[in-house]
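Structural features, examined
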Amino acid sequence: MLYGAPHMNEIDAIRDAVLAGDTAAVATLPLPASCRGAGVRAVEQDMFAGVPSAEKDPRRSIHIDDVELPELAADESYVAVMASSINFNTVWTAIFEPLPTFSFLPRLGKESVWGARHDRPFHVVGSDAAGVVLRVGSAVRGWAPGDVVTVHCNHVDDQDPSAHDDSMLANNQRIWGYETNFGGLGQVCIAKANQLMPKPAHLTWEEAAVNALTNSTSYRMLVSPNGAQMTQGQVVLVWGASGGIGAYACQYVLGGGGIPVAVVSSASRAELVRRMGVERVIDRAAEDFRFWKDEHTQDPAEWRRFGAAVRDLAGRDPDIVFEHPGRQTMGASVFVCARGGTIVTCAATSGYMIEYDNRQLWMHQKTLKGCHFANYREAWEANQLICEGRIHPVLSRTFPFERVGEAAYEVHRNLHEGKLGVLVLAPEEGLGVTDSETRARLEDRITLFRRASK
């Protein structure tokens, strides 16, 4: 790691070519030996020892350092990152919970010579990116320098037989930028060829950068055969409906002919999801639902009160519960789900030690299904819906690269709506649109979250 190394002229030349619209020129420009990357340092992984999770501050742990670019593997690409975004895994990395990422990067390092590049005393994070391909490895067929792309975060070795059929079940499946190094919050990232997807032409760099992780996850959870396989007319309870993953879930339910019941935590968030087209909304704060009597004891009476509120809005119990808060809400989710229904979960942002009444699960024959990100096919299909203007980004605000720690802090404290973008090489917002006609037609939907956040 090269603390304080000078900014590379090669990076400026690459940025200038992209901004001029001459993406093909990047193939002829020299690559920098190093670039700036946002991440954490191994020497600081104990800096928050004894500090409660809520008080840990990503602004202290995330640094922008100059890091050397490693050699490119045969199935990989260098991508000049114009914009990226903040996900909860960025926060987890920054607060070193539930484990420091330096506890599992060495495992990748032991797998191969190429894996060893990731075991470093620094970790460049970021599980989303939009940018331009700079170079490709010798085994890459479908992509070339100058291609304008977004990057999804399923990092998998397709030489392992477990990676086939559904690569999310692979023994060595990892989340890029969280369980690997050189992620999307670097000026140049390293991504496998099977992580690349076309950038939606009607979106700006920052709009295109916020979709891949959360949009693909919602698609797998609700639409894919690997998830709940929602059908028309089903009632879907969506927790955190104004957040990054929940806002995409609402769009999939509406687009698929389902009936969303959105759960939010404030009046302003209730109004936001109504503006998305959701008619049935529960404001948890206004109703003062308290599912836990204390740290160790849940309150089934509150489950029943919550279930009654859902039935009042939808006319029946939800066929699908879209879960991701985890400990705080899982007891209520299992209880309110309809007989024979499905609770599909992808995270545990309020805690991962889950408690629920198992009688509700077995006696009413409900299904509790785990979902983790998406395979390449699912991510590609979800991205295609973005490209076609059927699903829209939920970008609420964009931060300059130098304030990436502050953006992570806001996600950690739940001070945001939708997704937060980060400009990396893009000098300002609003750049990168090459399909102005489609954008003009969809402008109101594309900018809904940004207008609501002002």
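In the block above lies the structure referred to throughout.
The structure contained in this document is the topic of the report that follows.

Geometry of an aromatic ring pair is reported as the spacing of the ring centres plus the angle between the planes. One pass over the full model with this rule turns up 14 aromatic pairs. A ring pair is formed by Trp-239 and Phe-291, whose centres lie 6.0 Å apart and whose planes are at 90°; its orientation type is edge-to-face. A residue pair is termed long-range when its members are at least 10 positions apart, and Trp-239 in the loop between β11 (235-238) and α7 (244-255) and Phe-291 in the loop between α9 (284-287) and β14 (292-294) qualify at 52 residues. Residue Trp-239 is classed as buried on the basis of its relative accessible area of 1%. Judged by relative accessible area, which is 3%, Phe-291 ranks as buried. Both rings, one in Phe-291 and one in Phe-306, keep their centres 5.5 Å apart while their planes meet at 80°; by these two values the pair is edge-to-face. Placement of the pair is Phe-291 in the loop between α9 and β14 and Phe-306 in helix α10 (residues 300-314), with a sequence separation of 15 residues.

This part takes up the packing of helix α3 (residues 88-95) against helix α14 (residues 404-412). Two quantities define a packed helix pair, namely the angle between the helix axes and the distance between the axes. Packing of α3 against α14 leaves a shortest axis separation of 9 Å and a crossing angle of 105°. By the angle between their axes, α3 is roughly perpendicular relative to α14. When α3 is examined against α14, the residues Phe-88, Val-91 and Ile-95 are found in contact with a partner set consisting of Ala-408, Val-411 and His-412. Broken down by class, the residue content of the contact of α3 with α14 amounts to 5 nonpolar, 1 polar and no charged.

Moving on to the sheet that holds strand β1 (residues 34-41). Strands in a sheet are paired, the pairing made by backbone hydrogen bonds, and the direction either parallel or antiparallel. Strand order across the open sheet formed by 3 strands is β2-β1-β4, with antiparallel pairing between neighbours. Both edges of this open sheet fall to β2 (63-68) and β4 (122-124), since each of them pairs with a single strand only. Each strand axis lies, on average, 60° off the axis of its neighbour in the sheet, ignoring direction.

What counts and how
- Numbering of residues begins from 1 in every chain and follows the order in which that chain's sequence is written.
- Totals for whole chains, interfaces and linings use every residue, but because this is a predicted model, local features are given only for residues with pLDDT of at least 70 and side-chain atom pairs only at 80 or more, for both listing and counting.
- Heavy atoms from the whole structure form the basis of all side-chain values; hydrogens and water molecules are not counted.
- Two aromatic rings from Phe, Tyr or Trp, using only the six-membered ring of Trp, form a pair when their centres are within 6.5 Å; if the ring planes differ by under 30 degrees the pair is stacked, by over 60 it is edge-to-face, and anything between is tilted.
- Runs of H or I in DSSP of at least four residues are treated as helices and runs of E of at least two as strands, each being numbered from the N terminus.
- When accessible area is computed with a 1.4 Å probe and restricted to protein chains, residues below 20% of their type maximum are described as buried, those above 50% as exposed, and intermediate ones as partly exposed.
- Helix axes use the C-alpha atoms of the stretch in contact, all axes being lines fitted to C-alpha atoms, and the angles between their N-to-C directions lie in the range 0 to 180 degrees.
- An angle below 35 degrees is treated as roughly parallel, one above 145 as roughly antiparallel, one from 65 to 115 as roughly perpendicular, and anything else as oblique.
- Any two residues having at least one pair of non-hydrogen atoms within 4.5 Å are treated as being in contact.
- Think of it as three bins: nonpolar holds Ala, Val, Leu, Ile, Met, Phe, Trp, Tyr, Cys and Pro, charged holds Asp, Glu, Lys and Arg, and polar takes everything else, Gly as well.
- Paired strands, as defined in this entry, are two strands with at least two bridges between them according to DSSP.

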